[in-house]
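Chains, contacts and geometry: an overview
Here are the chains, one letter per residue:
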Amino acid sequence: MGRRQRNKQGDPAAFGDGSKKKAGAGGKPAPARSVGGEKVGAGAKRKRNAEEELPKAAKKAAPAKAPVKTALKKKAPAPAPESEDDDDEFEGLEDSEVEAGADDGVQNMDDWEDVDSAGEDVGKAKASLFDNSDEGSGMDEDEFDEDEMMASDDDEDAFDSEMEDDDSQGGGAMFSDDEGDLEQLRLANLEAMSARLDAKAAKEKEDAEAELLQTNIVPPRPEGILPTEEELTPDLAIIQTRIREIARVLNDFKSLGEEGRSRSEYTEQIIQDIATYYGYNTYLAEKLFNIFSINEAIEFFEANEVPRPVTIRTNTLKTRRRDLAQALLNRGVNLEPIGKWTKVGLQIFESPVPIGATPEYLAGHYMLQAASSFLPVMALAPQEHERVLDMSAAPGGKTTYIAALQKNTGCVFANDSNKDRAKSLVANIHRLGVRNAVVCSYDGREFPKVIGGFDRVLLDAPCSGTGVISKDASVKTNKSERDFMLLSHLQKQLVLAAIDSVDPHSKTGGYVVYSTCSVTVEENEAVVDYALRKRPNVKLVPTGLDFGREGFTKFRGKSFNPKVVHTRRYYPHVHNMDGFYVAKFKIMGPYKAPAKDEGGDEEDDVPMAFGADGEEADEAVKRDDGYKFDEEEDRALIEESRKKLLKKKGVNVRAGGAKKGKGPKEKVEA
């Protein structure tokens, strides 16, 4: 601690009280004011000189000085100016009083000398209290840096405040000329320093406990670690640009391909991008991509994102296309003919009313039907009075078209293995006024065991639906390699059954039309080539359709029968209709099954065509005359149908049978 701190504290009040007692020994204040005033003025001057050397900032931290100054001022007030009245008064005193005043003045001077000596002792005591700071600094009092002392004002203020509290509590000054008081001051200072250190340690401990408590708290759940759906969603604009750039490179890979990169890398990347951009699984995207050229593949995928035009087929059994178009135009329907290749189709662009709820629709004047579904019936070209089998007839668009071309003559067997779908088939047959149709629900592979000898057979086989993705987007993701294998196997079984159901001796017919709403080779050319290999009595003939692309004779290392060029392919991006495939077979004669030891694979043919009953199928196949009607079996069926009809009319079948003499009662009932 420096000089300022030492001079900060005033003289002890206890000493001042003692001086008061000395001054008041005679009961009156000292009359020798001039002598006492001179001494008081000299002591006060020394005090002021010492204080003027201290900075003003140190004066704020000297609360204990006030009592000393007060005591001194009370003891020795400032000397009054001499005047003639004072001289007269002084001369008027008696000698005894002058001598007594002189004695008192001498006594007062001795007291002030004692004050000065006591002040020096107090200063030394203060210096001894802060020897650490003075000795550590290595500077004289005159050289003491005022800035350093200012830095310690905070600690000094705290100490002074504690001293003031002690003074206020004790009721007197702390300092005195006794050694016990000096020791008490040291202890008080040490106690204050210890209290500050304890407070600092307590605060550090409190902070440490708070920090420890904070580490034991369960941390909040982290957010934003996993990417959101928007972050996972790829940028489709970037993918689309990359698809077109890769397509441009693949079209001229020799000059645009990057060095060190193979063509397969570009192909794999564009297939992956197509699958991502259009929403296909990778397997189906690759299968469809390999069917077309690069640019055409992109057009095909784009076309599948756009719905096909709404088309209707005029029911010529009830109206003509001209009359139907006029009736719909009067209702505000915007339409036009589909094209020159059909005489019954109309394309609907806009309709103020649901096109499936107009009076004309309910009256059966037209059928909501895709334009691609016209094609297999047009290729089949049924004639009047022929027996025709539609192996997969529901919901009835092709069946009713066949009946319309036959003008309700002949007979159309409309079969569908799904009985629920057969309900819609029956409803459309009634609505469109078809009267020559027979609806049944058999597995198509059971033909011709159920019935055979047809002039023409239409097989619109179950397929993967890759040609109608615009109608059913679920095809993009729910078709796998196993699905294509199973479908291809089923289609091969059905096409052999259809071929075997045709009467080879038909004078007007003997045709089978195979169609699918798929564009894959495994379901089209591969099935047709299989049928040609398994049935040598069959050949491919032109479909009779004026447009459409030829079927593949070679595809990715596979070679098919050259006659496959007669088949026709239809694509949404080329013909603006659903993807479709049409093939037409001509049955040239009865089929002769080769011996098992010669054919080697005949075991595969018979079960696929005729199911599990292999022996009966063999006998039927080996017959040279093909499949004929069983007259006895047909007669029984016809009789049963006649009896049911009579019962509906209220005729007593048993009595009527007995009267007509058609046999005994038991026989009629049978």
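What counts, and at which threshold
- Residues numbered from 1 in each chain as written.
- Predicted model: local features only at pLDDT ≥ 70, side-chain atom pairs only at ≥ 80, totals over all residues.
- Heavy atoms only, no water.
- Pairing = 2+ DSSP bridges.
- Helix = DSSP H or I, 4+ residues; strand = E, 2+ residues; numbered from the N terminus.
- Axes fitted to C-alpha atoms, helices over the stretch in contact; angles between N-to-C directions.
- Left-handed = near helix turned anticlockwise from the far one by under 90°.
- Contact = heavy atoms within 4.5 Å.
- Nonpolar A, V, L, I, M, F, W, Y, C, P; charged D, E, K, R; others polar.
- Parallel < 35°, antiparallel > 145°, perpendicular 65-115°, else oblique.
- Buried < 20%, exposed > 50% of the residue type's maximum accessible area, 1.4 Å probe, protein only.
- Polar contact = N/O pair within 3.5 Å; in protein donor to acceptor, adjacent residues only side chain to side chain.
- UniProt positions renumbered as here; feature names shortened; annotations may be inferred.
- Phe/Tyr/Trp six-rings, centres within 6.5 Å; stacked < 30°, edge-to-face > 60°.
- Lys NZ or Arg CZ within 6 Å of the ring centre and 35° of its normal.
- Core = buried A, V, L, I, M, F, W, Y, C linked by side-chain atoms within 4.5 Å.
- Domains from an automatic or database assignment.
- pLDDT = per-residue confidence, 0-100.
- Disulfide = S-S within 2.5 Å.
- Patch = residues over 30% accessible without salt bridge, like charges linked within 9 Å, V, L, I, M, F, W, Y side chains within 5 Å.
- Areas by Shrake-Rupley, 256 points an atom, 1.4 Å probe, with all protein chains shown as cover.
- Salt bridge = Lys/Arg side-chain N within 4 Å of Asp/Glu carboxyl O.
- Lys, Arg positive; Asp, Glu negative; His and termini not counted.
- Charge placed at Lys NZ, Arg CZ, Asp CG, Glu CD.

Comments concerning the sheet that holds strand S3 (residues 345-350)
As summarised here, the arrangement of the 4 strands in space is S2-S3-S1-S4, forming an open sheet in which the pairing is antiparallel. Each of the sheet's edge strands pairs with one partner strand only, and the pair in question is strand S2 (334-337) and strand S4 (366-368). Adjacent strand axes in the sheet meet at a mean angle of 30 degrees, parallel and antiparallel pairs treated alike. In this sheet, S3 lies alongside strand S1 (residues 310-314) in antiparallel orientation, the contact comprising 4 bridges. Within the sheet, the bridge partner assigned to threonine 311 lies in S3 and is glutamine 347.

Topic: the packing of helix H15 (residues 263-278) against helix H16 (residues 282-289)
At a closest axis distance of 9 Å, the pairing of H15 and H16 adopts a crossing angle of 120 degrees. Every pair of crossing elements has a handedness; the one defined by H15 and H16 is right-handed. Residues Thr267, Ile270, Ile271, Gln272, Ile274 and Ala275 of H15 pack against Thr282, Ala285, Glu286 and Phe289 of H16. In the contact of H15 with H16, the residues fall into 6 nonpolar, 3 polar and 1 charged.

Focus: the packing of helix H24 (residues 481-500) against helix H25 (residues 525-534)
Interaxial distance between H24 and H25 falls to 10 Å at its minimum, and their mutual angle equals 45 degrees. Taken together, the axis directions place H24 and H25 in an arrangement best described as oblique. For H24 against H25, the interelement crossing comes out right-handed. Contacts between H24 and H25 pair Ser488, Gln491, Lys492, Val495, Leu496 and Ile499 from the former with Ala526, Val527, Tyr530, Ala531 and Lys534 from the latter. Tallied by class, residues from the contact of H24 with H25 come to 7 nonpolar, 2 polar and 2 charged.

Remarks on the pairing of strand S8 (residues 456-460)
With 5 of 5 residues buried, S8 lies mostly within the body of the structure. The two faces of S8 match: Arg456, Leu458 and Asp460 on one face and Val457 and Leu459 on the other face are all buried. Sheet topology places S8 next to strand S9 (residues 511-516); 5 bridges connect them, and they run parallel. Looking across to S9, one finds that arginine 456 is bridged to tyrosine 511.

Structural notes on the side chain of lysine 398
Tracing the sequence through the fold places lysine 398 in helix H21 (residues 397-406). Using a relative accessible area of 9% as the deciding quantity, one classes lysine 398 as buried. Within polar-contact distance, the side chain of lysine 398 engages the side chain of aspartate 460 at 2.9 Å. Discounting chain neighbours no more than four positions away, the residues touching lysine 398 are Gln369, Ser373, Pro376, Val377, Asp390, Leu458 and Asp460.

Focus on the UniProt feature "binding site: S-adenosyl-L-methionine" (unreviewed entry) in the chain
Within this structure's numbering, the places UniProt gives as "binding site: S-adenosyl-L-methionine" (unreviewed entry) are Ser392, Ala393, Ala394, Pro395, Gly396, Gly397, Lys398, Asp416, Asp443 and Asp460. One can find glycine 397 in helix H21. The class for glycine 397 is buried, based on a relative accessible area of 8%. Among the structural elements, aspartate 416 can be located in the loop between strand S6 (411-415) and helix H22 (419-431). Ignoring sequence-local partners within four residues, the contact set of aspartate 416 consists of Met391, Ser392, Ala393, Ala394, Arg421, Cys440, Ser441 and Tyr442. There is a polar contact of 3.3 Å between the side chain of aspartate 416 and the backbone nitrogen of alanine 394.

Some words on the packing of aromatic side chains
For the structure shown, the criterion picks out 16 aromatic pairs. Consider the rings of tyrosine 280 and phenylalanine 301, whose centres lie 5.1 Å apart with planes at 75 degrees: the pair is edge-to-face. Here tyrosine 280 is found in the loop between H15 and H16, whereas its partner phenylalanine 301 is found in helix H17 (residues 294-303), with 21 residues between them in sequence. Relative to phenylalanine 374, the ring of tryptophan 341 has its centre 6.2 Å away and its plane inclined at 50 degrees; by these criteria the two rings are tilted. Taken together, the residues tryptophan 341 in the loop between S2 and S3 and phenylalanine 374 in helix H20 (residues 374-380) connect sequence positions 33 residues apart. Between lysine 492 and the ring centre of tyrosine 530, over which it is positioned, the NZ or CZ distance is 5.1 Å. Lying across the ring of tyrosine 511, lysine 586 places its NZ or CZ 4.5 Å from the centre.

Digging into the nonpolar core
Counting 62 residues, the largest nonpolar core has Ile270, Leu288, Phe301, Met391, Val495, Tyr514 and Phe585 as the members making the most contacts within it. No other element matches H24, which puts 7 residues into this core. Viewed by domain, this core spans two of them, domain 2 (233-303) and domain 4 (373-621), each represented by three or more residues. Tyrosine 514 has contacts with Leu459, Ala461, Gln491, Val495, Glu523, Asn524, Val527, Val528, Tyr581, Val582, Ala583 and Phe585, leaving out every residue within four places of it along the chain. Counting residues in each nonpolar core, the second largest holds 19 residues, with Ala379, Val412, Leu545 and Val582 among its members.

Some points on the confidence of the model for the chain
Residues of the chain with pLDDT of at least 70 account for 62%, and the chain-wide mean is 75. For residues 597-627, every residue scores under 50 in pLDDT, and the model assigns this stretch 51 contacts once sequence neighbours within four places are set aside.

Comments concerning H21
Where burial is concerned, most of H21 is hidden: 9 out of the 10 residues are buried. Listed in full, the buried residues belonging to H21 are Gly397, Lys398, Thr399, Thr400, Tyr401, Ile402, Ala403, Ala404 and Gln406. Phi turns positive one or two residues past the end of H21, at lysine 407, with a value near 60 degrees.

Quick notes on the state of the cysteines
Where two cysteines share a covalent bond between their sulfur atoms, that bond is called a disulfide. With the rule as written, the count across this model stands at 0 disulfides. Free of any disulfide, cysteine 411 has its nearest neighbouring cysteine sulfur in cysteine 440, separated by 9.6 Å. Classification of cysteine 440 as buried rests on a relative accessible area of 16%.

A look at a negative patch on the surface
Side chains of Glu204, Glu206, Asp207, Glu209 and Glu211 sit close together on the surface and give a patch of like negative charge. As for its position among the elements, glutamate 204 is in helix H11 (residues 179-216).

Regarding the pattern of salt bridges
Overall, the coordinates contain 20 salt bridges when judged by the stated rule. A salt bridge links lysine 398 to aspartate 460; the shortest N-O distance between them is 2.9 Å. With lysine 398 in helix H21 and aspartate 460 in strand S8, the pair connects residues that are 62 residues apart, well separated along the chain. Looking at aspartate 460, the relative accessible area reads 14%, which means it is buried. Here the salt bridges share partners, and the residues they tie into one network are Glu258, Arg261 and Glu265.

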